[in-house]
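Architecture at a glance
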Amino acid sequence: MTVLTSEWLKIRSVRSTYLVLGLSMSTVLLGLALAAAAAGMYDAAPPEQQARARIADLEEVFTIIPQLCMGILGALAVTSEYTTGLIRTSLALVPRRWPVLAAKAVIIGGLGLLIGAVSVFGTYFAARGAIGDRFSGAYTTAFGDRLPLLIALSLTVPVFALLGLGIGAILRSVAGATAILVGLAYVLPMIIGNLPEPWSERLGSLMIGALPRELTGEIITTSVYGSLLSPPAAGAVMIAYAAVPVCTAMWLLRRRDA
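What this report covers is the structure whose coordinates are included nearby. Please read all numbers here as calculations on a predicted model, not as lab measurements.

About the cut-offs
Residues numbered from 1 in each chain as written. Predicted model: local features only at pLDDT ≥ 70, side-chain atom pairs only at ≥ 80, totals over all residues. Heavy atoms only, no water. Axes fitted to C-alpha atoms, helices over the stretch in contact; angles between N-to-C directions. Helix = DSSP H or I, 4+ residues; strand = E, 2+ residues; numbered from the N terminus. Parallel < 35°, antiparallel > 145°, perpendicular 65-115°, else oblique. Left-handed = near helix turned anticlockwise from the far one by under 90°. Contact = heavy atoms within 4.5 Å. Patch = residues over 30% accessible without salt bridge, like charges linked within 9 Å, V, L, I, M, F, W, Y side chains within 5 Å. Areas by Shrake-Rupley, 256 points an atom, 1.4 Å probe, with all protein chains shown as cover. Salt bridge = Lys/Arg side-chain N within 4 Å of Asp/Glu carboxyl O. 1 Å grid on protein atoms, 1.4 Å probe; cavity = no way out; pocket = protein on both sides within 12 Å on 5 of 7 lines; lining within 4 Å. Points joined across faces, edges and corners; volume = space filled by probe spheres on them. Nonpolar A, V, L, I, M, F, W, Y, C, P; charged D, E, K, R; others polar.

Some remarks on the packing of helix α7 (residues 98-131) against helix α13 (residues 231-253)
- Taken N-terminus to C-terminus, the directions of α7 and α13 make an angle of 155 degrees; their axes are 9 Å apart at the nearest point. In terms of orientation, α7 lies roughly antiparallel with respect to α13. The element α7 and its partner α13 pack so that their crossing is right-handed. Residues Trp-98, Leu-101, Ala-102 and Ala-105 of α7 pack against Val-246, Ala-249, Met-250 and Leu-253 of α13.

Take a look at the structure:
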């Protein structure tokens, strides 16, 4: 408990923590602005264009913002200590070492869970209120029917937070961790989407962006992602994205010099 309290004090005393959290929360405002703009364009369009108009699920589109923000925060939580040399003090006070990273994982994961829920659900309700029954009723689906996907989307944010923490601890570089996070979230899916079948579908099904819909059993038909995994398999892959880097970092932390 002492280690957990200490790590919480470290994270909340750094100005960058509040900046990153603020950027994560801006997802709701961005979603509202885009939804309002889309609604305005829809109302100004002639009826024949309105009948063909479609809009993406904004809460799904904008999830990449809190994902990357929390991933970077996770990396900063450990790399900043290596930069300042504070890690030596932390490890001297906790000789077993792994509890330091475990405490960071609990705090970063908890923050990611909170930010993920607020940003995803906030964006959904903002978009639903602004769009109404426009775009062929894209946002008129019952909330209960959308709830599983919203929860699954929210869970990807703490996954990115722990992924960033683990990679940051392995590389000891926030720049390197950020590059890998951006690659996983944005670059790699585009590359995989251009591969020949069946590799595009197989590898696309393993991307983090594919997992929320696979968790809910939805079939992806208009995406760079695949949809081959069953819900249990998708859940296992999502856990692996968070657990493998953190566990690897713990193993290395006990064997490398600070």
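Considerations on the side chain of Ser-200
- Structurally, Ser-200 can be placed in helix α11 (residues 199-204).
- Setting aside anything within four residues of it in sequence, one finds Ser-200 in contact with Ile-192, Gly-193 and Leu-195.

Quick notes on a nonpolar patch on the surface
- Together, Val-182, Tyr-186, Val-187, Leu-188, Met-190 and Ile-191 make up an exposed nonpolar region whose accessible area comes to about 500 Å².
- Relative to the assigned elements, Ile-191 resides in helix α10 (residues 174-193).

Some thoughts on empty space enclosed by the protein
- Tallying each qualifying case throughout the model produces two cavities of 30 Å³ or more.
- Taken as a whole, the largest cavity encloses approximately 60 Å³ of empty space.
- Every residue lining the largest cavity is listed: Val-78, Tyr-82, Ile-87, Val-100, Leu-101, Lys-104, Ala-169, Ala-249 and Leu-253.
- At the level of secondary structure, the elements contributing two or more residues to the lining of the largest cavity comprise α5 (64-84), α7 and α13.
- Here the lining of the largest cavity gets three residues from one element, more than from any other, and that element is α7.
- In this structure, the second largest cavity spans a volume of roughly 40 Å³.
- Lining the second largest cavity, in full, are Asp-57, Glu-59, Tyr-124, Arg-128, Ala-138, Tyr-139, Thr-141 and Arg-146.

What to know about unusual backbone geometry
- Going from Glu-197 to Pro-198, the amide bond is cis rather than trans, its omega being 5 degrees.
- Along the chain, the position of Pro-198 falls in the loop between α10 and α11.
- Here the phi dihedral of Phe-135 falls at roughly 55 degrees; this positive angle occurs in a residue that is not glycine.
- Note on placement: Phe-135 falls in helix α8 (residues 134-137).

Overview of the layout of surface pockets
- Its volume calculated, the second largest pocket comes out at about 190 Å³.
- Around the second largest pocket, the lining is made up of 14 residues, and of these Lys-10, Val-14, Leu-76, Ala-77 and Ser-80 lie nearest the centre.
- Those elements that provide at least two residues to the lining of the second largest pocket are α1 (2-12), α2 (15-44), α5 and α7.
- Per-element tally for the lining of the second largest pocket: the top contributor is α5, with six residues.
- Partitioned by chemical class, the residues of the lining of the second largest pocket number seven nonpolar, four polar and three charged.

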